[in-house]
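Architecture at a glance
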Amino acid sequence: MTQAIRLYLDENGMSAWERRNGQTERIADFPENPDGLDAFSHFLTMADKRNFLLLINRHEERYLGEAMPSLPQRERRQLAETRSRRAFPDTPWRCVGLNKGRREENTRISLMAVSNSSAFDGWTQRLRSVALSGVYTLPQLLTPLLGKVPDAPAQLVVLSKHCHACRLTLLEHGLPCAVQWTTNDDDTAIDDAWRRLLMQGGAAEIPPTLCLIGPPDWHPPLPASATIRHLPTNEDAAQLILALADKHWPDWQFAPPSARAIARQRQYGRWCWYLGMLALGAGLSMSVERWIEFNTLHRQASTAQQHLAHAQQAVATAMAELDRDGMTPAQRQQFIQEHRQLLQQRSAFADDSLRQGSSRRSSRSSLSARALGAECQREEPADPGCRLLHPLEQAAS
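Residues numbered from 1 in each chain as written. Predicted model: local features only at pLDDT ≥ 70, side-chain atom pairs only at ≥ 80, totals over all residues. Heavy atoms only, no water.

1. Focus: the pairing of strand 10 (residues 166-172)
Quick reminder of the rule: For every residue, the accessible area (1.4 Å probe, protein chains only) is compared with the maximum for its type, and the residue is labelled buried under 20%, exposed over 50%, or partly exposed between those bounds. In DSSP terms, a helix is any run of H or I states spanning at least four residues, a strand is any run of E spanning at least two, and both are numbered starting from the N terminus. For two strands to be treated as a pair, DSSP must find no fewer than two bridges joining them.
Buried residues dominate strand 10, accounting for seven of its seven residues. Side chains Cys-166, Leu-168, Leu-170 and Glu-172 of strand 10 all project onto a buried face; the interleaved residues Arg-167, Thr-169 and Leu-171 project onto the opposite face, where all are buried too. Direction of pairing for strand 9 (residues 155-161) relative to strand 10: antiparallel, over a ladder of seven bridges. Within the sheet, the bridge partner assigned to Gln-155 lies in strand 10 and is Glu-172. The antiparallel hairpin formed by strand 9 and strand 10 contains four residues in its connecting segment. Across seven bridges, strand 10 lies against strand 11 (residues 175-182) in antiparallel orientation. Following the sheet pairing, Thr-169 is matched in strand 11 by Val-179. Between strand 10 and strand 11, which pair antiparallel in sequence order, lie two residues; one of them, His-173, sits at a positive phi of approximately 55 degrees.

Rendered as C-alpha cells:
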C-alpha cells in the first residue's frame, strides 16, 4: 500500500515529505505567508488521491501531566477525555495519552493540545478537503522512535536539535509530560531550559538517562552524571520521525473526527474492497473445486459410456451370430438354460474330481510312509551291537 505523504509544520512553515524505501525525501516547501498558503492549496489539489500525516513542531503545543486512580481501561479513557476538555476548552486539537498495560494505584496520563492560533488555523483549514489520517506532535512520536533503544528507563529526557530551535522533552513511561524550548544551545540557555522543564514536569532532579538527537558533531552542555544516548541525524531531528513507517504512528492523535472524515471513508472503502476480494477468492476456490469434481465425474461417465458401447456391440454381435444359426427365440432360451446347467455340472464335477484325487494322493502317501517304516524296522535291530554280530552269524551259518 502507498505510504501517506508526511507534512511537517514548524516555525518556518510547511514542508512535504515522501517515504521511499525507508528513507524520506523532501518534495515541497511552503513558507508561512500568503504565497506559501496558496502554493500549499495547489499542492493538496494535485495530490488529492493520497493520504496525509501532519507532524507539528511549534510553540502552540501544550502539555499537562496528571495522576489518575486505577480504573478499568474504558472508564479511565472517558475520565481522561473529560479532564482534557476542561484543561483545553479553547481548541479542538486535543489528545490524551494513556499507558494501556499499567494498572497502578496512581497512573500518570498525558493531556496534550495544540492552540488554535490564526497561523495554525490557516494551515489546518486547507487540510479539511483532503484525506488527513492524523495530526501528531514531535514529542508524541519520540516513543516509537526510541523503541529501538534497549532498556529504556521509566523517566527519560530527550534533547533534540531542529532548524529553528532546540527542545527538551520529559517522557514518563513513554508519554510526554513537559516540553521546553530554547533558541540557543549555550550553557546559560540549556541550564535555564533544564530548570523550567523540571519545574513543569514536577521532577525533583534531572533523570539519570538523557537521549540526544542531533548532528554527530553537536555537543551541547549536559550534566556530567547523566548517561547519554545519542541518535545522530543530519540537520533536523524531525527527519528521523518522518522516516517512521505508517504503522508506527500511534492511534491516539490530535485531529477531531470531522477532520478525518475523508480518510476514514477511504479506509472503509479499502476494507470493503479487501472483504470483496476475500469473498471473490473464496468463491473462485469453490468454483475451481467444483470444476475439478465435474471434470472427474465427466471422465468417469465417458469411460462408463465407452464400456457400455463395447458391451452393446458385443451383445449385438452375439445376437447376429445366433440369428444366423436359424434358432427361434424359445429354442435359443432353452439352449442358454442347458448351457448354464452344463457349466454348473462341469464345475461340480471338477470339484469332486479334485477332492477324490487329493484323497487318493494322501492315502498313497500314507501307505508309502508305513511301508517304508516297516522296512526300516525289519532291517535295523534295536540293539546297536547286534548290527555288528549279524554279518558274522550269517557267515558262520
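2. Section: helix 2 (residues 73-87)
Put simply, the rule is: An expected span of 1.5 Å times one less than the residue number is assigned to each helix. Note that the arc is computed from the directions linking the helix axis to the C-beta atoms.
With 15 residues, helix 2 should reach 21 Å at 1.5 Å per residue; the first-to-last C-alpha distance of 21 Å fits that figure. For helix 2, every residue scored as buried is listed here: Arg-76, Ala-80 and Ser-84. Considered in projection along helix 2, the buried side chains sweep an arc of 75 degrees and stay on one side of the axis. Turned more than 90 degrees away from the buried face of helix 2 sit Arg-74 and Arg-86, all of them exposed.

3. Describing the sheet that holds strand 2 (residues 13-20)
Inclusion rule: A fitted line through C-alpha atoms represents every axis, and for helices the fit uses only the stretch in contact; the resulting angles, taken between N-to-C directions, go from 0 to 180 degrees. By the convention used here, residues are in contact when the closest approach between their heavy atoms is within 4.5 Å.
Read across the sheet, five strands follow the order 3-2-1-4-8 without closing on themselves; strand pairing throughout is mixed. With partners counted over all chains shown, the strands left at the sheet margins are strand 3 (23-31) and strand 8 (131-137), one partner each. Put simply, the sheet's adjacent strands are angled 25 degrees from each other on average, direction ignored. Two elements, strand 2 and strand 3, share eight bridges in a ladder whose sense is antiparallel. Paired with Met-14 across the bridge in strand 3 is Phe-30. Packed onto the sheet, helix 1 (residues 34-46) meets strand 1 (5-10), strand 2, strand 3 and strand 4 (51-57) and runs at close to 130 degrees relative to strand 3.

4. A few points about the confidence of the model for the protein chain
Note the following rule: On a scale of 0 to 100, pLDDT captures the predictor's confidence in every residue.
When the pLDDT values of the protein chain are averaged, the result is 78; 77% of them are 70 or greater. In the model, residues 379-397 has pLDDT below 50 throughout and makes two contacts with residues more than four positions away in sequence or in other chains.

5. Examining the sheet that holds strand 13 (residues 227-232)
Judged by pairing direction, the sheet is mixed, and its five strands sit side by side in the order 11-10-9-12-13 without closing on themselves. Whereas interior strands pair on both sides, the edge strands pair on one side only; in this sheet they are strand 11 and strand 13. Neighbour-to-neighbour, the strand axes of the sheet open up by a mean angle of 20 degrees, direction not taken into account. Pairing of strand 12 (residues 209-214) with strand 13 involves six bridges; the strand directions are parallel. Across the sheet, residue Thr-209 finds its bridge partner in strand 13, namely Thr-227.

6. Here's the deal with the packing of helix 1 against helix 3 (residues 118-126)
The axes of two packed helices give the description: the angle between them and the distance between them. Heads up, the condition is: Roughly parallel refers to an angle under 35 degrees, roughly antiparallel to one over 145, roughly perpendicular to one between 65 and 115, and oblique to any angle outside these ranges. Here a crossing is called left-handed whenever its near helix is offset anticlockwise from the far helix by less than a right angle, and right-handed whenever the offset is clockwise. In this count, Pro and Cys sit with the nonpolar residues alongside Ala, Val, Leu, Ile, Met, Phe, Trp and Tyr, while Asp, Glu, Lys and Arg are called charged and the others, Gly among them, polar.
One can describe the packing of helix 1 onto helix 3 by two numbers: an axis separation of 10 Å at closest approach and a directional angle of 20 degrees. On the basis of the axis angle, helix 1 is roughly parallel to helix 3. In this structure, the crossing between helix 1 and helix 3 has a hand that is right-handed. For the pair helix 1 and helix 3, the contacting residues are Gly-36, Leu-37, Asp-38, Phe-40, Ser-41 and Leu-44 in the first and Gly-122, Trp-123 and Arg-126 in the second. For the contact of helix 1 with helix 3, the per-class residue count stands at four nonpolar, three polar and two charged.

7. Looking at the nonpolar core
So the rule is basically this: Here, nonpolar core means buried Ala, Val, Leu, Ile, Met, Phe, Trp, Tyr and Cys residues that are tied together by side-chain atoms lying within 4.5 Å of each other.
Core analysis: the biggest nonpolar cluster contains 32 residues, and Leu-7, Phe-43, Phe-52 and Leu-54 have the highest contact counts within it. A per-element tally of this core places helix 1 first, with four residues. Other than its neighbours up to four places away in sequence, Phe-43 contacts Ile-5, Leu-7, Ala-16, Ile-27, Ala-28, Phe-30 and Phe-52. Counting 22 residues, the second largest nonpolar core, distinct from the first, contains Tyr-8, Leu-138, Ile-213 and Ile-241.

8. What about the pairing of strand 9?
Here strand 9 lies mainly inside the structure; five of its seven residues are buried. Relative to strand 12, strand 9 runs parallel, the two sharing four bridges. From the neighbouring strand, Leu-159 faces strand 12, where its bridge partner is Leu-212.

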